[in-house]
Amino acid sequence: MHSPYASELLTSRIWPDFAAHFQNTASSASYQADLLEFMRMYQTDFLQLDSAMAEDYFLQMQRKVKDGSLKPSTMAKKFRELHSLAEFIESKQEQYPIPDTFQDYFAPYLKSVAKVAQYARSIPIEEIDRLFQAAQKNLMAYCIFALLQRVGLSSTEITELKLEDFTAYDNGVFASVPGRREPCFIPEDVFAILEQYISKRREHEYLFSNSRGNQLNTMYISRLMKKYTELAGIPSYSAEALRNTCAFTMFSYHATPEQVARQMGVTDIQIKRYKNMSYRDSLIQEANNLVKVKIEPPKTF
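Please read all numbers here as calculations on a predicted model, not as lab measurements. (Residues numbered from 1 in each chain as written. Predicted model: local features only at pLDDT ≥ 70, side-chain atom pairs only at ≥ 80, totals over all residues. Heavy atoms only, no water.)

To continue, consider the packing of aromatic side chains. With the rule as written, the count across this model stands at 21 aromatic pairs. On the numbers, 5.8 Å between centres and 80 degrees between planes, the contact of tyrosine 169 with phenylalanine 174 is edge-to-face. Pairwise contacts between aromatic rings join Phe38, Tyr42, Phe46, Tyr57, Phe58, Phe79, Phe102, Phe106 and Tyr109 into one cluster. The ring centre of tyrosine 206 lies 5.0 Å from the NZ or CZ of lysine 162, which sits over that ring. (Phe/Tyr/Trp six-rings, centres within 6.5 Å; stacked < 30°, edge-to-face > 60°. Lys NZ or Arg CZ within 6 Å of the ring centre and 35° of its normal.)

Of all hydrophobic cores here, the largest spans 46 residues; its most connected members are Ile144, Phe145, Leu147, Ile186, Leu194, Leu207 and Phe208. Looking at this core, the elements with two or more residues in it are helix H6 (125–134), helix H7 (139–151), strand S1 (166–169), strand S2 (172–175), strand S3 (184–186), helix H9 (188–200), helix H10 (218–232) and helix H11 (239–252). Among the elements that make up this core, the one with the highest residue count is H7 (11 residues). Leave out the neighbours within four places in its chain, and isoleucine 144 touches Ile158, Phe208, Leu216, Ile221 and Leu224. (Core = buried A, V, L, I, M, F, W, Y, C linked by side-chain atoms within 4.5 Å. Buried < 20%, exposed > 50% of the residue type's maximum accessible area, 1.4 Å probe, protein only. Helix = DSSP H or I, 4+ residues; strand = E, 2+ residues; numbered from the N terminus. Contact = heavy atoms within 4.5 Å.)

Turning our eyes to something else, we now look at the pattern of salt bridges. Here the structure, examined in full by the defined rule, presents 10 salt bridges. Residue glutamate 205 pairs with lysine 162 through a salt bridge whose shortest N-O separation is 3.0 Å. One end of the pair, glutamate 205, is in the loop between H9 and H10; the other, lysine 162, is in the loop between helix H8 (155–160) and S1, and 43 residues separate them in sequence. Between glutamate 230 and lysine 226 there is a salt bridge whose closest N-O contact spans 3.2 Å. Linking glutamate 230 with lysine 226, this pair stays in helix H10, spanning four residues, or about one helical turn. Exposure remark for glutamate 230: the relative accessible area of 52% places this residue in the exposed category. Lysine 226 gets classed as partly exposed once you look at its relative accessible area, which sits at 45%. Look at the salt bridges and you will find they share partners, linking Asp34, Glu37, Lys77, Lys78 and Glu81 into a network. (Salt bridge = Lys/Arg side-chain N within 4 Å of Asp/Glu carboxyl O.)

Structure below.
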């Protein structure tokens, strides 16, 4: 390994011991390339790693993922490799003359990185905008897409919703989604669209129903996605891909894995309202409010 920033200890002892565990040269080369890149970025030996460097590295990689210059899977690979080396060094502190303060500062970011990679198959924001423009004349479809993209509900959860599932507290509107342990926060922009839809819908058992008044099924939502992606002139994305953008966007605005996991998991008096009472845990509300993306109500209604 050749680097002007690598110490003799790292080059001649630690790296050879670490690299000896690899089964093939390709793995060793990948780890070494990411190690050299890291030391080049911060112009210091890897043994001088601290929490500020790890945090800055995470934020830089995340920005690259967001602007499309780095794949989420590549970001995950880099973090796993640097974590693995740092963990190895930390476990060998008695063997190598390294500072007692050396730690694996990459470990706290592994869950966030894994989640970003998990929800990587999201839809570009400009194509989401075109999808909503194409669906403006169908208020039910528009509302369903908003619940997928901004709230992170699944198609199955959306088909199970009933009007009585929504409750308005002083700190926002929450939905008791069937199958979830706790209410799901409904952002203000989505609730504004819901209010429009509720004011015009016919009275049926379920919030969304077909022309016969029957409960929708997931295939119906799939057909809506196919219809309006075609009208928008964008690839035929699935409802799951649209839902993934909720988690991916929240991660882009630094929501924690716990916040994202919990988020994903009407002017009418028909909706229960509790005055002077806030929902017991505002964590998921705060997480969703991190996101700067909002959906405007359709202009045709």
